[in-house]
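# Observations on the three-dimensional arrangement
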Amino acid sequence: MAETVKILQAPQAGLSDMAKLQDLNVESILENIRQRFEADQIYTYIGSILAAVNPYKTIPNLYDFEVMEAYDKRHIGDLPPHIYAIANDAYYSMWKQTANQCVLISGESGAGKTESTKFILNYLSKMSQASAVETGNDVSVEKCILQSSPILEAFGNAKTVYNNNSSRFGKFIQLAFSSRGVIEGGKVQDYLLEKNRVVGQNPGERNYHIFYALILGAPDEMKQKLGLGAPEKYKYINQSGCIKDPNINDQQIYSDVNEALKDMKLNDEQVSDMFELLGAILHIGNLDFITAGGAQVSSMSVLKQAADLLSVDEYQLANALTEKTRLLRGELISTPLDEHQARDSRDSLAMNLYARCFHWIISRINVRIRTKPTFHSVGVLDIFGFENFEVNRFEQFNINFANEKLQEYFNKHIFSLEQHEYNAEGLDWVDIDWQDNGECLDLIVRKLGLLSLIDEESRFPKGTDGTMLDKLHSNHAKNGFYIKPRVNNSKFGIKHYAGDVFYETTGFLEKNRDTFRDEMLTTIKESRSDFIYDLFEDMQESSQPNAAKKNRKKPTVSSQFQESLHSLMSTLSACNPYFVRCIKPNSTKAPNAFEKTLTLNQLRYSGMLETVKIRRAGFPVRRLFDDFVRRYRPLLGKDTQSSHSQHKCISLLSSYESTNQKWQIGRTKVFLKEDLEIKLERDRAERVETLVTKAKACFKGYRARKAYKATVAKIVFVQKYCRMYRQRRRFLNLKDATITLQRYERGRKARQLFHVMMEERRMEEERKREEQRRRAEEEQRELERLKAEAKLRELEELQAKLEEDARIKAEEEAAKKKREEEERQRVLEKAKAIEAAKRLEEEQAKIRAEEERLKLENELRIRREEEALRLEKEEAERLVEEKRLEEEVRRREEELAYAMQQVMTHFDDSIAQLNSPSDLNLDKYYGDMFEEADQDSEYQDDDPDEDSVSRKSDDLQYWEGYLNMKCGGMVNTWKKRYCVLRDETLMWFRAKQEALKSGWLMKKGGGTSTLSRRNWRKRFFVLKGIELAYYESDSDGAPCKGIINIKQTKDILDSSFGRESSLDIITDKRTYHIVADNADDLSEWFSILMRVKNANEYELKQMQDEDANPKNAIGTLDVAVIDSVVPVHLQTKPNAFAIITAERVFNMSADSPEDMNGWLKALTQYHKGQRTYSKEEILMSGWLTKENTGTISRPGITRKKRYFILTSHSLDIYKSVDLQHKLGAIALNRLCSVTVPDDKMFKEIDLPLPTNSPVASPTMRRRKLSWGKKSKIKMDLRTAMFQGGRRHTWSSKMMRNLFRCYPRSKPWWLHDLRTWKFTIHSRRYSYNLFTPSNDEAWKWTYAIQEVIDSKPPIETPSQILIKELREASLNGYNDEIDKIYKLNPILRNVPYMLKSPLLPLPYGQIMSSNLDKGYTTLQDEAVKIFNVLQGSEQLPDPMPVIQGILQTCQDLKPLQDEVYCQLVKQTTWVKDADNLNNLRNWQILCCMCCTFIPSRSILRYVRFHIKRQVELSPKTQMAAYAGYALEALKRTRTREFVPSRDEIIAILGRRDMNATVFCHGGGSCQISINSSTTAGQVIHTLVKGMNLDSCYNRFSLYEKSGLVEKAIDDRSVVADILAKFESLNAQNDDGNKDSRFRARGLSDRGKPWQLFFKLFCFLDTQSVKPDSIEYSFLFEQAHEEVIRGKFPATDEQLIHLSALRMQFDKGDYVHGDWINDLTEVYPVDRLKVKPKEDNDFGFQQRDRKDTFISGTLRGIGEKTLKRLQKSASDDNILESVYRDDVSATITAIIDKWRTLKGTSAERAQNIYMSFMRSWKYFGSRLFEVECHDGRQAYPKSIWLSVNKSMVAVHKINDPNPLDEFPYEKILSFGAPIPNEYKIIVEGRRSELTFDTTEVFEIAKLMKAYINEIVKKRNMIPA
C-alpha cells in the first residue's frame, strides 16, 4: 500500500499534460516525453488523449489493485496520467453521456498495444466485479473475458523482429454492461488473421505461440499421441532459424491456455481435437513431393500421421494434394499436379485448417460470453500496428490500409470535426493545420483504386501478379501517393501517413483469392472427426451447380476485409471515442533506451504537435444548452430568474470563471475546457449527495408509517380469519359425513358385482368339468375300438398260419384239414358275431351320451336365462336406488349451499377490504367442489359456423369458402363442402377448418375408476383454440359429449404401455384416459396439446391462423391436373361451374355470382387451359419425347412428343408450342431427382422399314454387316447389356466395329438409332424423357437439377428433433434432452408398425443392378425394414435377416441413414435394456456401425445416442454392445460387400474374427482381423511375423483361385474380401457364375477362393540370399510365372525347368514315377495356342528341326488336322492331339529328370533361379495385351512388361523388348475407358493404347513401382 501511495504521490517529471506546454514544438514534446520516460512515468496526457511509451520492462506496483481503487470515480487529471484513468472515464461516461464508449489503441508494431488492451480489460473487469458484489450477481463472465486473452494471444500472436508478442490479427472487444455497471457479456470480432505465417516466417521471427507451447509444454502422453518430437524437426516452425526466445515462456503459455480453455467450458474431447489439428498442421509441413508421373508424396509415414490426426484416409489425402479434378459432363477428370502446385496445395491446406480453427475458437469465446441487448457498452480496439519490413507482402498491405483508416478516424474526430464545429457555432477560433491522409485512402479504395484493380485481376482466370502490377502502374503512376520503382521489379510503393512502404506483389493474387481446392475440401469434409467437419461445414464446393456464377461473385480476401473494416468504422462512429497513442522508444526492444529519431518520427506522422495545439486551445467538452442545464441543475440557485437555457448556462459559468477563458457560448452549445468540467462535476456530486440524504430521511419516515398501518390491518384480519375457521370446520364435518355415506354405497355395489362375477366363474368351472368328462368318455371308447382291431389282426395272422400248414400237409391229412377248416370257420363266425355285438353296444352308448349332453345344455341355457332375468331386475332396482341417492345428495347440497351463503354473508365486507381474488371467489370455489362432470352430458354449440363468404389474398394464391359440389361417380348428389385453394391444391372439408386438429380417439368411461374396455367409447375429438371437445360422431349435427379446457389442465402425460398408445389429460376434477390407433397419431395429438397448453396468447393466435391442413381434408385435387375451368348453366344451381380433368368432372356451385367469379379467377390462374408466362418465368423450353410410367423402365408404353416449359416451381407439359392445351405439370421439390443422360443407353427401336430397304435381322460376318429381307430392325441394347442379369461392358473397339459395319451413307431409318434418355422422378410418377442430342439432354438435366437444388430442404419431425437434441447436448441441457424424449414418442421405442420413413427419402422407383431383388420405392423399403426390426426377437436364426437388412442398405444407399434412425428409435426408452428384442436391435446396430458410415448429422446423433444409453444403463449387455458400436464407428471404412456370416458371428460376439492367409508350398497362418482391418495392415503383420522387415522386395495380398489371382489394394478391407469369397464360393456350389468377377478377370475354375501372400514388387532380385524365406517366395513365384506361360523360353528350356522343379519337389527319379498333373510344372496352355506350322500340302517341312512333339499327331500340321476333323466322324480329334502333346511333354520332362540324378533340392533350386536370373528383365510382370498403334510399329498381340525401372513392349515369347519407356519419361498413364489402357510418353508423338482386361492391375503395379522410386530417392526405407 505504501508503495502504491508513493507512486501516486511521486513528483511528476516534465508536464503530465502536454496541453499545458508553454513552448509548443516537436522538440519540447519530445523532451517532455523523454524526461517522463527516464523517470518511469510512461503515461502522459494530451487533454483526454493518453500517450503511452513502451518501457520494455516491468515497472513495480504500477498496476496493483490499490492503484485501480485509487483511480475509481476519479476524473482525468486528479491523479498522475495512467491507462486506468482512461478506462475509468470511459466506464462512467456510459451514464454521464448515456452512449456507448470505445477506446482506440494505435501505434506501431511493438509499441505495447496488446498490453494496454489487457490493462483496460482488467480494470473494467474489476469495476464490474465490484458492482456485482454490491448487487449479488455472478462474476463468471468477467473471468471468461479475461481468460480469453491467453487463448487469443497464443493462437493469434507471434514473435516478429519488432515485437515478441505481436498481434497478427485485429480484434475489437466489446463489453456489454448492465445499468448497474456489471458486465453481462461481450463479443470479440477478429480481422484479417495472417494465415501466411503458419507456413512461412521471415528470418528471426516465429510462428504462432501455440505451436511452440504445444511441443515444449504438452505432457509426454499428449506428444506421443500427436507424434510430436523436438521443434527443430518441423519445417513450419524451424525455417526462420528462431525457435526459442529467452523472453517467452512456452511452457507457461501452454498451462495458461489449458486453464483458459477450461474456463471457456470446452470439454476434453474438444481440446484434444484442437491439439490434434495443430499436430496435423505440423506434420503437413513436413510433407514433400517429387516428380514421378506428376507430383508424388515422398514420405507416406508422415502423411499417415497427418491423416490419422485429421481422421481422414491417407490415400485420399495424398490424391487431394497431388491431383486436381474437374467435372466434365458428369465425369470427373483427374490431372496430376507438379511439385510446386502440390506444395501450394499443402500450404493452402495448413493455412485454412489453422484459420478455421482460429475462427472456431473465437466463436466459442463469443458463445461463452454472449449476452442479450443491454444498457451500454465499452469497446476496446487492439489492431495490428503500422508495419514496414524489408519485404512487405499482401498482409502488410491490408494492415497498413487499416491503420490509414484509423488515422483518418483520429484526424476526423480530433481535427476536422472539432474545428468544423467551432466555426459552425461561431466561436472565436483560428484553424490549426494538420496532415490529411484522405488522398492516400482515395488511392486505395476509390473506384479503379488499388483494391479495385487487385480484385478485378483476381477474378480473371488468367490473371497474374505481373498483369496486376502493370495495371497498377498504368492507372496510378502519376498519383502523388503512388510510388513506381525506378528499376523494373515486382514491387510498388505507397506514401503512407507513417512513411513510404514498398510492397512485393509476388503471391498477391493467390492470397487475395484464398483458393482452397474442392479436392481438399471434400477430403476434409469426409473426416471422421466432428470437430474437423464442423470447421468446414459452411464452406461450399465450387464444383456444385451454379459454381461458375458464384465464383465470379465470390468475395475476395481484400473485399471481405474492407467490408469488415467498414463495419468497424460504423461501430466506432456510434461510440464516444477515447484515444491511446502507443509509442515505441527504440527498435531493439531494450529497456531504458530512448531513440530520439525513432520517437520523433512517430510523433510527427501521428500528428502529436497538432493534437497538443488543438487540445490546448480547444474546448473538448461541449453540451447542448438544455442538456447542460439538465446535468447541472443542482448547481443552479433558486434565485435564477431567467427561463431561457442559454442565460442559465451563462449565469452558472460566470460564477465559476468570469473571464471566459475556459468556456465559450455558441449558438446551440456550451463549450468547456476539461479542467472546468472536472470542477463542475465535483461540485455537482457534492450537491447531489446532500439532496439524496434529505430524500432518504423522508422515505424512511414514510416506510415506518406504512409498516404501522399494515400491522393494524393484519391484527384485524387474524380476528376475522378465526371466526371464519370455526364455520369452515362445521362445513368440513358435514362434507366428511356425506363422503362416508357415498363410500358405503359404492362398497355395496362393488360387493354385489363381485357376487355376480363369482357366480359366472362357478358356472364356467362346471362347464369345463363337463367337457373334461365327455373327453374322458370319448378316449375310453377309442381305446376299446383299438383293442378290437388288435384282436381282429391276431385272428387274421392265425388264419395265415393255418393256411400255410394246410398247404404243407394237404396230401397226407386231407380229412383232418377238412375238419379243422370247419372248426376254424365256426370260430371265425363266432368272433364276428361277438364284434358285431360290441359295435352295436358302442353305438347305443353314443346315442345315450348325446341325449345326456343335449339335456345338460338345455338345463344350462334355462339357468342362464333365469340368471339374466334376475340381473336385469337387480339392475332396475339399483337404478331406482341410485336415483333416490342422487336426489338425497342434491337436497343436502342445497342445504349446505344455503348454510354456507349465510355464513359467508358476515365476511363480505372484510374480504372486500383485503382485495384477495382467492377470497372473493370462495363461494364459487366451495360451490364447485360438489359439481361432478357427467361423461354423457349433452352439449350443443350455440354459435354454429355460418360463414359462407369466400376470401382471397392479393395474389390469388389463396381462396376459401363454402361450395356445393358434385363429384360424379355412383353416388351423384350435391353436398355442401368447405373448399380451400392453396399452394396449387384444391382441398374440400366437411366444415370450415377452425380446428387445430381433429380425429377419432377412444375415451375411457369417466372418472378415475377402473373400467373394462367394453365401457370405453369411440369419440370424435376436435381441438379449437384451448378447448378440446368430443362428439358422438363426425357428422355436422353430432351432439357434443363434453369439453376439456387445455389451459386449465394440471398435466398431460404420455401413458403408453406395451402396444397401447395412450395419454392422460389430468384436470382438477378427473383424469381423461385417451387411446389412439397408433403411435404416430398419438404423437401428433400429444405434441399439439402440449403446444396449446404452453403457448401464450400470441403463439396461440399464430396456431389458430394456420392454413388448412391437407391431412384433414376429405378430398384434394392438384391444380396441375385440371384441363379447364368453365361456367355451366344449371336451372337448379344458377352459380355453377365445372372443373374438368382427364379422369373426372367436378361440378361446383357457389352461393352468389361474386363468389363464382372469384373461384373462376383463382382457378383460371393455374388451370390447364391457355397459360401465359413472363420472360423471367421460363428457365428452359423445348420439345421432348415423354414416356409416362410408374416404373423406371417398362417397355411397351407409348411415347409421345410434348412441349415442355421449365419454371422455378414446375415442369409444365403442353400438347403444342402455342400453349393452348396443358396436359399436366411436374411439381418440383427437394426430394425430386433427375438422372443424368447415359451414353450407353439406347432407345429401343421397333420401326417398319422402307420396302426397298434390304434389311432384316443383322448378322456380323468378318466386319461386314449383311441384312436379310422382309423384316424390321429390332435392337434393344438394354437387353443386350443386361443379359443374364448382368451388365456388359462395351469397349471402344466393340463400338467402333459396330458402327464400322454400317453403310457410309446411312438411310433415314438409322439416324434415329441413338437417342439420349434422362429420367425425372416426382412425388407420384417417374417420367422417361428422350432427346436426339446429347447436349440438349445435359442442358435439360442441369436446368431441372438447378431448380430442385434451389428448393428448400424438406425436414421431417425426426430431423427437427435431432437438431434440437444436438443443440441441447452442446449446451449441456440434460433436462431439456429428457423433456424432448418425453414429449415426442416419435423418438422412442414403439410396438407399432411404421407408416412412413423417419427421414425424407428421394422419390421414384429403385433402379437395381440385380433386377430380381424386387425393390419398389425407398419409402416402402424403409417401412419393410422397420417391420422386420419389430419381430427380430422371434427369429431362430437372425443371420439371414441381418444380412438382408445390410444388403438392402448396401444396394440402396439413401436407406443407410434411415435404418440408423430406426435402430436408434427402437433402442431408446426401453424399460428392460437386456431384453431379447432390444439386444437384437443393438446387434443389428453393431453390424451397421461396422459396415456403413452414416451422414454427418446422423453420425452425431448415433454417437450421442450410444453414449447416452451407456450412461443410463452402464452395467448391462446393452452397454457392452454400445461400446463395441462406438469403437466400430471410429474405424469403419467404405465397404463393397455386406459382412459374411463369419464376420456377423464375430460382431455379435463382440470379438475379432480369424482369417486364413495362404502362401506357396501349402503353408497358411491364422490372423486376427476386425471389420476395418485393411490389407496393408495384414501385410505389415505378416512381414513382421516372418522377419521379412529387411527384405529386398515388396509383398502384397492376393485374391487367388487356382491360377487366377488379383492383387489386393492396401486400402481394401480384408473382411470385404472374405465376404466376396463367401458369395463366390456359394455361387460355385450352386453352379452359377457371377459376371461381375468374370468381367474383372476373376474366374473360380472350380477351386475355392483364398487370401494369398506373395511378392508384388520385384525391386532387387539379385541380392536375395538363397537360404532366406524371401528366396523361397522368389523361387515359387518365378516358377508360377513359368507355368502360366509368362516367361520367354524355348520348349527345351521349359522342359529343363520342369525337370528341375520335379527334382526339387520329389528328389531323384524312381522307376515308375509319372507326372500326374502337368500344369504344376509346365505351361500346358502353350500346347493349345502354339500349333505346329505346315505347308499347303499338309506335309512336314524338312528344314525344321525335330522336337519332342514331332512324333505326335500335331506333327501333321494344323490345316491337315482341321481337314481330318471335318471329314472324320469323331469330333474330338484336336482334343486327342492335345492329349498326345501332353503325353509327349511328360515323357520329355521325365527323360530330362533322369539326367539330374544326384542333384540335391537346394542345388536344383539354385540352378532353376540362376536360369531365371539370367534373363535381363527377370522380375518383370508380363501382361498379354492387344496394341492399337497408328504407326503399326508393334504386332497386334504383345507382352507389356512392367518392372522396377520402366515399362517395355515385347513380342510374345521374345526375351528382348521392342521398346523401353523409363518412368521418368512417362507423363501420364491410366484407363480413360474400361478395358483400354493408355500411356503417354515424353518425346513420342502418339500415345500408347492397349486393349486388356487387366488395366487396374497394370496401373496399380506401375504406381507401386513409382512410389518405391520416390522412397528410394528420399532414402526412406520401404
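Residues numbered from 1 in each chain as written. Predicted model: local features only at pLDDT ≥ 70, side-chain atom pairs only at ≥ 80, totals over all residues. Heavy atoms only, no water.

### Describing the overall build of the protein chain
Check the secondary structure of the protein chain and you find 58 helices and 55 strands. Across the 1918 residues of the protein chain, 46% fall into the buried class. A sequence separation of at least 24 residues applies to 66% of the contacts in the protein chain between residues at least 6 apart. Of the roughly 99900 Å² of accessible surface on the protein chain, a fraction of 51% belongs to carbon and sulfur atoms. (Helix = DSSP H or I, 4+ residues; strand = E, 2+ residues; numbered from the N terminus. Buried < 20%, exposed > 50% of the residue type's maximum accessible area, 1.4 Å probe, protein only. Contact = heavy atoms within 4.5 Å. Areas by Shrake-Rupley, 256 points an atom, 1.4 Å probe, with all protein chains shown as cover.)

### Focus: the pattern of salt bridges
For the structure on display, the rule yields 66 salt bridges. Between glutamate 1032 and lysine 1041 there is a salt bridge, with its nearest N and O atoms 3.9 Å apart. (Salt bridge = Lys/Arg side-chain N within 4 Å of Asp/Glu carboxyl O.)

### Topic: unusual backbone geometry
Keep in mind that most residues, glycine aside, have a negative phi and that most peptide bonds are trans. Positive phi, close to 60°, is recorded for asparagine 592, a residue that is not glycine. Among the structural elements, asparagine 592 can be located in the loop between strand 16 (576-583) and helix 24 (596-605). Its relative accessible area of 54% is what places asparagine 592 among the exposed residues. At asparagine 1587, a residue that is not glycine, the phi angle is positive and equals roughly 60°. You can see asparagine 1587 is positioned in the loop between helix 49 (1575-1585) and strand 46 (1594-1601).

### Quick notes on the packing of aromatic side chains
Inspection of the entire model under this criterion finds 41 aromatic pairs. Measuring from centroid to centroid gives 6.0 Å for phenylalanine 1621 and tryptophan 1649, while their planes differ by 20°, and the two rings are stacked. Of this pair, phenylalanine 1621 sits in helix 50 (residues 1614-1630) while tryptophan 1649 sits in the loop between helix 51 (1635-1639) and strand 48 (1650-1657), and the two are 28 residues apart along the sequence. Given a relative accessible area of 4%, phenylalanine 1621 falls into the buried group. For tryptophan 1649, a relative accessible area of 6% gives the class buried. (Phe/Tyr/Trp six-rings, centres within 6.5 Å; stacked < 30°, edge-to-face > 60°.)

### With respect to helix 7 (residues 209-217)
Of all 9 residues in helix 7, 7 are buried; the element is thus mostly enclosed. Burial in helix 7 covers these residues: His209, Ile210, Phe211, Tyr212, Ala213, Leu214 and Ile215.

### Structural notes on the environment of tyrosine 632
By the secondary structure assignment, tyrosine 632 is in the loop between helix 26 (625-631) and helix 27 (645-656). The class of tyrosine 632 is buried, set by a relative accessible area of 0%. Linking tyrosine 632 and leucine 652, residues 20 residues apart in sequence, is a C-alpha distance of 8.9 Å. With residues near it in sequence (within four places) discarded, tyrosine 632 still touches Arg623, Leu652, Glu677, Leu680, Glu681 and Arg684.

### Let's talk about the sheet that holds strand 47 (residues 1604-1607)
Two pairing modes exist for strands in a sheet, parallel and antiparallel, and in both the strands are linked by backbone hydrogen bonds. The mixed open sheet is built from 5 strands, whose spatial order is 45-44-48-46-47. The sheet is open, and its two edges are formed by strand 45 (1564-1569) and strand 47, each paired on a single side. This sheet shows a mean twist of 40° between the axes of neighbouring strands, independent of strand direction. Two strands pair when backbone bridges link them, and strand 46 and strand 48 are joined in this way by 7 bridges, in the antiparallel orientation. Bridge pairing in strand 48 links tyrosine 1598 to phenylalanine 1652. (Pairing = 2+ DSSP bridges. Axes fitted to C-alpha atoms, helices over the stretch in contact; angles between N-to-C directions.)

### Overview of the environment of lysine 1620
Along the polypeptide, lysine 1620 turns up in helix 50. The sequence separation of lysine 1620 and tryptophan 1649 amounts to 29 residues, and the corresponding C-alpha distance is 9.1 Å.

### Some words on the nonpolar core
Nonpolar side chains in soluble globular proteins generally cluster together in the buried interior. Grouped together as the largest cluster of nonpolar side chains are 123 residues, with contacts concentrated most on Phe155, Ile210, Phe211, Phe275 and Tyr354. Ranked by the residues each element gives to this core, the list is headed by helix 14 (residues 339-369), at 14 residues. The residues touching isoleucine 210, leaving out its near neighbours within four places in the chain, are Ala154, Phe155, Val257, Phe275, Leu278 and Tyr354. In this structure, Ile1579, Leu1624, Tyr1722 and Tyr1834 belong to the second largest nonpolar core, which totals 96 residues. (Core = buried A, V, L, I, M, F, W, Y, C linked by side-chain atoms within 4.5 Å.)

### Observations concerning the packing of helix 43 (residues 1439-1451) against helix 44 (residues 1455-1466)
At a closest axis distance of 8 Å, the pairing of helix 43 and helix 44 adopts a crossing angle of 140°. Comparing their axes, helix 44 and helix 43 come out oblique. Only Leu1455, Gln1456 and Val1459 of helix 44 make contact with helix 43, whose side of the interface consists of Ile1445, Thr1448 and Cys1449. Across the contact of helix 43 with helix 44, the residue classes break down as 4 nonpolar, 2 polar and no charged. (Parallel < 35°, antiparallel > 145°, perpendicular 65-115°, else oblique. Nonpolar A, V, L, I, M, F, W, Y, C, P; charged D, E, K, R; others polar.)

### Some details on a negative patch on the surface
A cluster of acidic residues, Glu1364, Glu1367, Asp1375 and Glu1376, forms a negative patch at the surface. Contributions of two or more residues to the negative patch are made by helix 40 (1357-1370) and helix 41 (1374-1383). Taking the relative accessible area as the measure of exposure, glutamate 1376 reaches 39% and is therefore partly exposed. (Patch = residues over 30% accessible without salt bridge, like charges linked within 9 Å, V, L, I, M, F, W, Y side chains within 5 Å. Lys, Arg positive; Asp, Glu negative; His and termini not counted. Charge placed at Lys NZ, Arg CZ, Asp CG, Glu CD.)

### A closer look at a nonpolar patch on the surface
On the surface, a cluster of nonpolar side chains totalling about 400 Å² of accessible area is made up of Phe717, Val718, Tyr721 and Tyr725. With respect to the helices and strands, tyrosine 725 occurs in helix 28 (residues 674-808). The class for tyrosine 725 is partly exposed, based on a relative accessible area of 45%.

### Some thoughts on the pairing of strand 7 (residues 183-191)
Relative to strand 7, strand 6 (residues 170-177) runs antiparallel, the two being bridged by 8 bridges. Following the sheet pairing, alanine 176 is matched in strand 7 by glycine 185. The turn linking strand 6 back onto strand 7 is made up of 5 residues, and glycine 181 within it adopts a positive phi angle of 90°.

### Describing the pairing of strand 52 (residues 1857-1862)
Each regular strand displays side chains that alternate between the two surfaces of the sheet. Where strand 51 (residues 1846-1851) meets strand 52, 5 bridges bridge the pair, whose relative direction is antiparallel. Residue histidine 1850 lies in a different strand from strand 52, and its bridge partner there is proline 1857. Once strand 51 ends, the chain turns through 5 residues before running back antiparallel as strand 52, passing asparagine 1853 with a positive phi of about 70°.

### Structural notes on the side chain of threonine 117
Mapped onto the fold, threonine 117 is located in helix 5 (residues 113-135). When residues no more than four places from it in sequence are discounted, the contact partners of threonine 117 are Ile105, Ile173, Val380 and Asp382.

### Concerning the sheet that holds strand 13 (residues 482-483)
Strand order in the open sheet formed by 3 strands is 13-14-15, with antiparallel pairing between adjacent strands. Both edges of this open sheet fall to strand 13 and strand 15 (499-504), since each of them pairs with a single strand only. Strand direction decides the pairing type here: strand 14 (residues 491-496) and strand 15, joined by 6 bridges, are antiparallel. Paired with isoleucine 494 across the two strands is valine 501, which belongs to strand 15. Helix 18 (residues 465-476) contacts strand 13 and strand 14 of the sheet and is inclined by roughly 45° relative to strand 14.

### Brief notes about the environment of serine 93
With respect to the helices and strands, serine 93 occurs in helix 4 (residues 83-96). Looking at serine 93, the relative accessible area reads 1%, which means it is buried. Taking the C-alpha atoms as reference points, serine 93 and valine 378, separated by 285 residues in sequence, lie 9.7 Å from one another. Apart from residues no more than four positions distant in its own chain, serine 93 is found in contact with Thr98, Ala99, Gln101 and Tyr578. A polar atom in the side chain of serine 93 sits 2.7 Å from the side chain of tyrosine 578. (Polar contact = N/O pair within 3.5 Å; in protein donor to acceptor, adjacent residues only side chain to side chain.)

### Remarks on the confidence of the model for the protein chain
Detailed reading of the predicted coordinates is not advisable wherever pLDDT is low. Confidence in the prediction for the protein chain averages 78 pLDDT; 80% of positions are at 70 or higher. Counting interchain partners and residues more than four positions distant, the pLDDT-below-50 stretch residues 1191-1196 has 14 contacts. When the criterion is pLDDT under 50, residues 1240-1313 qualifies, and its contacts beyond four places in sequence or with other chains add up to 102 contacts. (pLDDT = per-residue confidence, 0-100.)

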